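Remarks on the overall topology
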Amino acid sequence: MASTLSALALGLSASILSFLSPQTPLLPMTNTSINNTALSHFETTLQPLLSPTAQICHQNAPCFTRASSRWSPWHAPSFGVVVAVATPGDVAETVKAARGAGLGFLAIGGGHGATRSLGKMRGGVGVWMGGRVVRVGGGVLSGALMRFLAGRGLEGVTGVCECTSAIAPLLGGGHGWLQGRYGLMADNLLSAEVVIANGSVVTVSGREHEDLFWALRGAGQNFGVVVRWDYRVFEMEGKGEGWSWEEWGFGALVLHLSILSQTPTFPTHLTTALHSLSPLHPPQTGHGDLPAYSDFSGLMTMSGPFCTKNISATQRMPASLQRLNATALLAAAEMLANLPKELQNSALLIEAFSLEAVQAIPSASTAYPDRQGNYLLSPFITHPPHDANFEEIGEVAGRRIQDILFEGDGKGEGERRMYVNYAHGYETLEEVYGEGWRVERLRGLKRRWDPEGAFGFYVPIA
Ligand SMILES: Cc1cc2nc3c(=O)[nH]c(=O)nc-3n(C[C@H](O)[C@H](O)[C@H](O)COP(=O)(O)OP(=O)(O)OC[C@H]3O[C@@H](n4cnc5c(N)ncnc54)[C@H](O)[C@@H]3O)c2cc1C
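Residues numbered from 1 in each chain as written. Predicted model: local features only at pLDDT ≥ 70, side-chain atom pairs only at ≥ 80, totals over all residues. Heavy atoms only, no water.

Rules: UniProt positions are given in the numbering used here, feature names are shortened, and annotations may be inferred rather than shown by experiment.
Naming follows an unreviewed UniProt entry, where the chain appears as FAD-binding PCMH-type domain-containing protein of Zasmidium cellare ATCC 36951. Note on the chain: under the UniProt heading Sequence similarities (unreviewed entry), the record states "Belongs to the oxygen-dependent FAD-linked oxidoreductase family."

As structure tokens, then:
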């Protein structure tokens, strides 16, 4: 399939507003104090009507500050709340809800307007039109998307590896750079065109086929082929600064570690346990935009080692952890060191990304089940391809390491989460897709959308 990628301005037309039916007459805002009762009524009415990635931004929230900053403070408007709209429907609902609550509203563009009457907006609703949407083809790769955005002064959540597709990580949730600022990749999906099992094409979003839209964001490989998707991205702040990373080197034992923080200085407590592993060199730290980080690391670029194909067989055994336990890490490293020489390129992958925005999104709102895991660990067991003996030795060792890691985190059977995008194949559905109610819901959706299990090759829900 042709890979397509295009940046779309939201393209909201002012004519949308003219279709609004008359509502409660707008009350003049004579009082500069904020009317909390009206704001609360407004929010309660609006919240269920917004598309999933629209956001109500309260005072002091980063999006509120970003939206309400003005070129000139002279008679600048001030807001009780800002709605970061994502779709034309969001604008329509926001206007209706504001009028219904008797609140004034004002669209916010670039914030450069400076005329006396704007100052009459006091404590009302800002309708922030600054959101950006990118339309992505089903075959676009992660790195192409990330660099496409950066080249236009935009940023969004993309997977770390430049040569995976952009969509498949999202279908399993989608961890990536900048998730602490914007949520998982799945949290930024606005809509998708999907070829379902009967061969028809359906569009899913927060308003159309919501059940399939829910499933697509965490268990998506089970439900269809995404041919096109609309995705929320953001204006890059400054030069993409405001976040930082640490990268550690441990020789062959731990092949890659990148810990990214949403703060300009790195919170070192996140990596305390790693000092006991005797790193080869002090952690390298830095900050910058995404292409700069990817190039700095070099591991996941199109010419990097992770983008090389057909070299050796690799099995992964993922473990989502709350804490890094130094004793468990040392035991894992020792097991790796004692593998037969044919498996000596094996390693332990440790990843951690900030979680602020990930955890701000209600857990039940998508099929992705694990918003609490602080660290993604996974043995990468490599061995000669097509060799059943080494394959088995590798699987036994990798599963033992996985056990050690979970035990070090105090997680017994039944409490373990294993990221679907790294899943090996032996996991239970609950370990991958979450608590019982999630699995039951997914089973029901599978019966509805794919009753014959046509999409049955990737951690199939049965
Ligand atoms: C080196 C490396 C780095 C990684 N980094 C990250 C990361 O940073 N974040 C993260 O979340 N995951 C990451 N992953 C995991 C990655 O998300 C999964 O391996 C993913 O399934 C790879 O997708 P792919 O399209 O490249 O592979 P494929 O093998 O081509 O596809 C994997 C699955 O997705 C399905 N699929 C592919 N395209 C579509 C489509 N358009 N519509 C529907 N289904 C489709 C395929 O049918 C298959 O079931 C990484 C994996 C590796 C090996």
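1. Comments concerning the packing of helix H7 (residues 210-219) against helix H13 (residues 436-449)
As a reminder, the rule being used: Here, axes are lines fitted to C-alpha atoms. For helices the fit covers the stretch in contact, and angles between N-to-C directions go from 0 to 180 degrees. In this text, helices come from DSSP runs of H or I with a minimum length of four residues, and strands from runs of E with a minimum of two, each type numbered from the N-terminal end. Oblique is the label for every angle not falling under 35 degrees (roughly parallel), over 145 degrees (roughly antiparallel), or within 65 to 115 degrees (roughly perpendicular). Put simply, a crossing is left-handed when the front helix is turned counterclockwise from the back one by less than a right angle, and right-handed when it is turned clockwise. Note on contacts: a residue pair is in contact if any heavy atoms of the two residues lie within 4.5 Å. Three classes are used: nonpolar for Ala, Val, Leu, Ile, Met, Phe, Trp, Tyr, Cys and Pro, charged for Asp, Glu, Lys and Arg, and polar for all others, with Gly counted as polar.
Running from amino to carboxyl end, H7 crosses H13 at an angle of 120°, the nearest separation of the two axes being 11 Å. One way to sum up the angle between H7 and H13 is to call them oblique. Along this stretch, H7 crosses H13, giving a crossing that reads as left-handed. Of H13, the residues touching H7 (which contributes Asp211, Leu212, Trp214, Ala215 and Ala219) are Trp437, Arg438, Arg441, Leu442, Leu445, Arg448 and Trp449. Here the contact of H7 with H13 is built from residues that sort into eight nonpolar, no polar and four charged.

2. A closer look at the pairing of strand S8 (residues 189-195)
Our working definition: Exposure categories follow from relative accessible area, calculated using a 1.4 Å probe and restricted to protein chains: below 20% of the type maximum is buried, above 50% is exposed, and the middle band is partly exposed. Should DSSP find at least two bridges between two strands, the strands are regarded as paired.
Within S8, five of the seven residues are buried, which leaves it mostly tucked inside the rest of the structure. Where S8 meets strand S9 (residues 201-205), five bridges bridge the pair, whose relative direction is antiparallel. The partner of Val194 across the bridge, within S9, is Val202.

3. Here's the deal with the pattern of salt bridges
Heads up, the condition is: When a carboxyl oxygen of Asp or Glu is within 4 Å of a side-chain nitrogen of Lys or Arg, the pair counts as a salt bridge.
Counted according to the given criterion, the structure contains 19 salt bridges. Across the salt bridge formed by Lys341 and Glu342, the nearest N and O atoms sit 3.1 Å from each other. Of the residues examined, Lys341 reaches a relative accessible area of 67% and is grouped as exposed. Put simply, Asp403 and Arg416 hold a salt bridge, and the shortest N to O gap is 2.7 Å. A residue pair is termed long-range when its members are at least 10 positions apart, and Asp403 in helix H11 (residues 388-408) and Arg416 in the loop between H11 and helix H12 (429-433) qualify at 13 residues. Each of Arg135, Glu193, Arg228 and Asp230 takes part in salt bridges that share partners, so that together they form one network.

4. Quick look at the site of the ligand
Filter applied, for reference: One heavy atom within 4 Å of a molecule or strand is enough for the residue carrying it to be called near that molecule or strand. We define a polar contact as two N or O atoms separated by no more than 3.5 Å, with the added condition that, inside protein, one atom must be a possible hydrogen donor and the other a possible acceptor, whereas residues neighbouring each other in sequence contribute only through side-chain atom pairs. For the accessible areas, the method is Shrake-Rupley and the probe is 1.4 Å, while residue cover comes only from the protein chains on display.
The environment of the ligand is made up of 23 residues, and the closest members are Val160, Ser165, His175, Val226 and Tyr419. Measuring from a nitrogen atom of the ligand, one finds a backbone N or O atom of Gly138 at 3.3 Å. Here Val226 contributes a backbone N or O atom positioned 2.8 Å from a nitrogen atom of the ligand. For the ligand, the accessible surface in isolation is 950 Å², of which the surrounding protein chains cover 72%. Only helix H5 (167-171) and strand S10 (225-235) provide two or more residues apiece to the shell around the ligand.

5. A few points about the packing of aromatic side chains
Aromatic rings considered in pairs are described by the distance between their centres and by the relative angle of their planes. Applied cut-off: Whether two aromatic rings pair depends on their centres lying within 6.5 Å, for rings of Phe, Tyr and Trp, where Trp uses its six-membered ring; planes under 30 degrees apart make the pair stacked, over 60 edge-to-face, and the rest tilted. Ring-over charges, as used throughout, are those where CZ of Arg or NZ of Lys falls within 6 Å of the ring centre and within 35 degrees of the ring normal.
Across all of its chains, the model carries six aromatic pairs by this definition. Seen in terms of ring centroids, Tyr368 and Tyr419 are 6.2 Å apart; in terms of plane orientation they differ by 80°. Their pairing is edge-to-face. Separated by 51 residues along the polypeptide, Tyr368 in the loop between helix H10 (356-359) and strand S17 (375-383) and Tyr419 in the loop between H11 and H12 bring together distant segments of the chain. Look at Tyr368 and you get buried, because its relative accessible area is 3%. Each residue in the set Tyr368, Tyr419 and Tyr422 is aromatic and connected to the rest through ring pairs, giving one cluster. Its guanidinium or amino end placed over the ring of Phe223, Lys446 lies 5.6 Å from that ring's centre, counting from NZ or CZ.

6. A look at the environment of Ala454
Along the chain, Ala454 falls in the segment after H13. Along the backbone, Ala454 and Asn222 are 232 residues apart, and their C-alpha atoms lie at a distance of 8.4 Å.

7. Digging into the sheet that holds strand S3 (residues 78-84)
If you walk across this open sheet you meet the four strands as S2-S3-S5-S4, and the pairing is mixed. Where the open sheet ends on each side, the last strands, each with one partner, are strand S2 (55-57) and strand S4 (105-108). Across the sheet, the axes of successive neighbouring strands diverge by a mean angle of 25°, strand direction being ignored. Contacts from helix H1 (residues 36-46) reach S2, S3 and strand S5 (122-128) within the one sheet, and its direction differs from that of S3 by about 5°. Of the strands in this sheet, S3, S4 and S5 touch helix H3 (residues 88-100), which is tilted by about 165° from S5.

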